[in-house]
Amino acid sequence: MHNTLHEQLLILISTPIYIIIIGIEILLSNYQYRKLYTWKDTAANIYLLLLNSIIDLSFRAVYIVILDYFYRYHWISFSNIFSYWFLLVLAEDFVYYWLHRFDHEIRLFWAVHVTHHSSEYMNFTVGFRSSVFQPLYRFIYFIPLALCGFKPLDIVFIYSATQIWGIFVHTELIKKMGWLEYILVTPSHHRVHHASNPKYLDKNMGMFLIIWDQLFGTFQPELPDSAYEPKRYGLTKPIEKATPVTVVFHEWKNIADDLQREDIGIREKWNYLFGPPGWSHDGSSLTSEQLRQMEDSAQPVKNL
């Protein structure tokens with residue numbers, strides 16, 4: 001109950017801040033004659049946020065009960081309140097990194113997460129462009145946290161708190177942030193994450209701390225246009241016709257089409273479902289790594 005009130009307080013504090021910074025970003029982008037917003041894209045962001053929120057709130061009681069079940073068998077107890085919250089932030093950000101990474105590297109989960117990357121813009125409202133069905137399985141990654149002695153409501157609270165930072169990094173107006181670039185996920189890091197240029201695909205998976213990407217080989221700094229090509233946001237293959245239905249389910253349809261191919265066997269079906277996005281048995285589509293290799297061989301000078 002105590003942490004539920006804290007989460008409600010987070011919403012009350014963050015909501016007017018969101019409104020203010022979005023308003024400032026719109027004003028500055030118009031002043032600089034930069035088209036960072038469109039009505040259609042912003043409406044899609046809000047629509048996806050509402051769908052995600054409905055599923056999350058409807059399913060929350062279920063995953064709280066599941067986490068509480070595992071918490072009963074926790075094997076670590078904390079006596080120091082500071083170490084408890086510090087380690088919870090660290091541990092939760094760590095498991096979120098792997099959640100996010102698997103969302104990018106396993107096509108079944110990419111079909112959920114793709115909604116967040118389908119915008120061709122980069123502004124604060126894109127941070128609300130949620131992975132609609134992620135609440136249905138996200139809690140599984142939090143089970144080890146409950147077993148380590150972190151209370152379920154505290155886990156949910158810290159996730160909500162770090163999500164606030166995750167909203168703020170969706171902008172083109174903030175360039176570099178000095179020494180914070182070495183510790184936190186910054187707007188510069190996250191612009192890389194949202195770019196569809198081959199060098200930037202599946203990079204900078206962290207939400208709050210960038211250290212996990214540096215440790216596990218998924219870090220990529222933002223490069224100046226003079227050293228690399230300008231960033232392109234959105235998907236490598238844009239949605240042909242974006243509607244309220246296709247923006248959520250287009251990748252599920254693509255998976256279904258691939259699984260129904262007549263010239264493939266069980267192994268190929270498995271890879272179309274659990275392999276990396278872009279995998280194909282006949283080279284008709286390419287994975288992120290294959291796109292990078294193709295770019296490296298075609299333009300070696302740009303990647304020095």
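Above this note sits the structure.
In this text, all values refer to a predicted model and were calculated from it rather than measured experimentally.

Peer 1: Break down the packing of helix α4 (residues 107-117) against helix α9 (residues 246-259) for me, citing the residues and quoting the values.
Peer 2: Two numbers describe a pair of packed helices, the interaxial angle and the distance between the axes. Running from amino to carboxyl end, α4 crosses α9 at an angle of 155°, the nearest separation of the two axes being 6 Å. If you check the angle between α4 and α9, you find them roughly antiparallel. Viewed along their axes, α4 and α9 form a crossing whose handedness is right-handed. Note on element contacts: α9 touches α4 through V247, V248, H250, E251, W252, N254, I255 and D258, opposite R107, L108, W110, A111, V112, V114 and T115.

Peer 1: Break down the environment of L88 for me, citing the residues and quoting the values.
Peer 2: Here L88 lies in helix α3 (residues 81-105). L88 gets classed as buried once you look at its relative accessible area, which sits at 0%. Separated by 140 residues in sequence, L88 and Y228 have C-alpha atoms that sit 38 Å apart. Apart from residues lying up to four places away in sequence, L88 is in contact with F150, D154, I155 and I158.

Peer 1: I'd love a proper account of the side chain of N52, names of residues and values included.
Peer 2: The residue N52 is located in helix α2 (residues 39-71) in this model. Overall, N52 belongs to the buried group, its relative accessible area being 11%.

Peer 1: Lay out helix α7 (residues 187-194) in plain terms, naming residues and giving numbers.
Peer 2: Every α-helix carries 3.6 residues per turn, so stepping three or four residues along brings you back to the same face. When you tally the buried positions in α7, you get 8 out of 8 residues, the bulk of the element. Among all positions in α7, only P187, S188, H189, H190, R191, V192, H193 and H194 are buried.

Peer 1: How would you sum up the packing of aromatic side chains? Please name residues and give values.
Peer 2: Within the structure shown, the criterion is met by 28 aromatic pairs. Between W85 and F157, the ring centres sit 6.2 Å apart and the planes meet at 80°, which makes this aromatic pair edge-to-face. Residue W85 is found in helix α3, and its partner F157 is found in helix α6 (residues 152-168); the two are separated by 72 residues along the sequence. Take F157: its relative accessible area is 15%, and that puts it in the buried class. By way of ring pairs, the aromatic residues F94, Y97, W98, F102, Y141, W212 and F216 are connected into one cluster. The ring of Y228 has K199 lying over it, and the distance from NZ or CZ to the ring centre is 5.7 Å.

Peer 1: Describe in detail the nonpolar core, supporting the description with residues and values.
Peer 2: It is characteristic of soluble globular proteins that their nonpolar side chains tend to be buried jointly. Within the largest apolar cluster, 26 residues are counted, with the highest numbers of intra-cluster contacts made by Y63, F142, L145, F150 and I155. Within the residue set of this core, elements represented by two or more residues are α2, α3, α5 (138-147) and α6. Looking at this core element by element, the count peaks at 7 residues for α5. Excluding residues that lie within four positions of it along the chain, I155 makes contacts with L88, E92, F142, L145, A146 and F150.

What counts and what doesn't
Residues numbered from 1 in each chain as written. Predicted model: local features only at pLDDT ≥ 70, side-chain atom pairs only at ≥ 80, totals over all residues. Heavy atoms only, no water. Axes fitted to C-alpha atoms, helices over the stretch in contact; angles between N-to-C directions. Helix = DSSP H or I, 4+ residues; strand = E, 2+ residues; numbered from the N terminus. Parallel < 35°, antiparallel > 145°, perpendicular 65-115°, else oblique. Left-handed = near helix turned anticlockwise from the far one by under 90°. Contact = heavy atoms within 4.5 Å. Buried < 20%, exposed > 50% of the residue type's maximum accessible area, 1.4 Å probe, protein only. Phe/Tyr/Trp six-rings, centres within 6.5 Å; stacked < 30°, edge-to-face > 60°. Lys NZ or Arg CZ within 6 Å of the ring centre and 35° of its normal. Core = buried A, V, L, I, M, F, W, Y, C linked by side-chain atoms within 4.5 Å.

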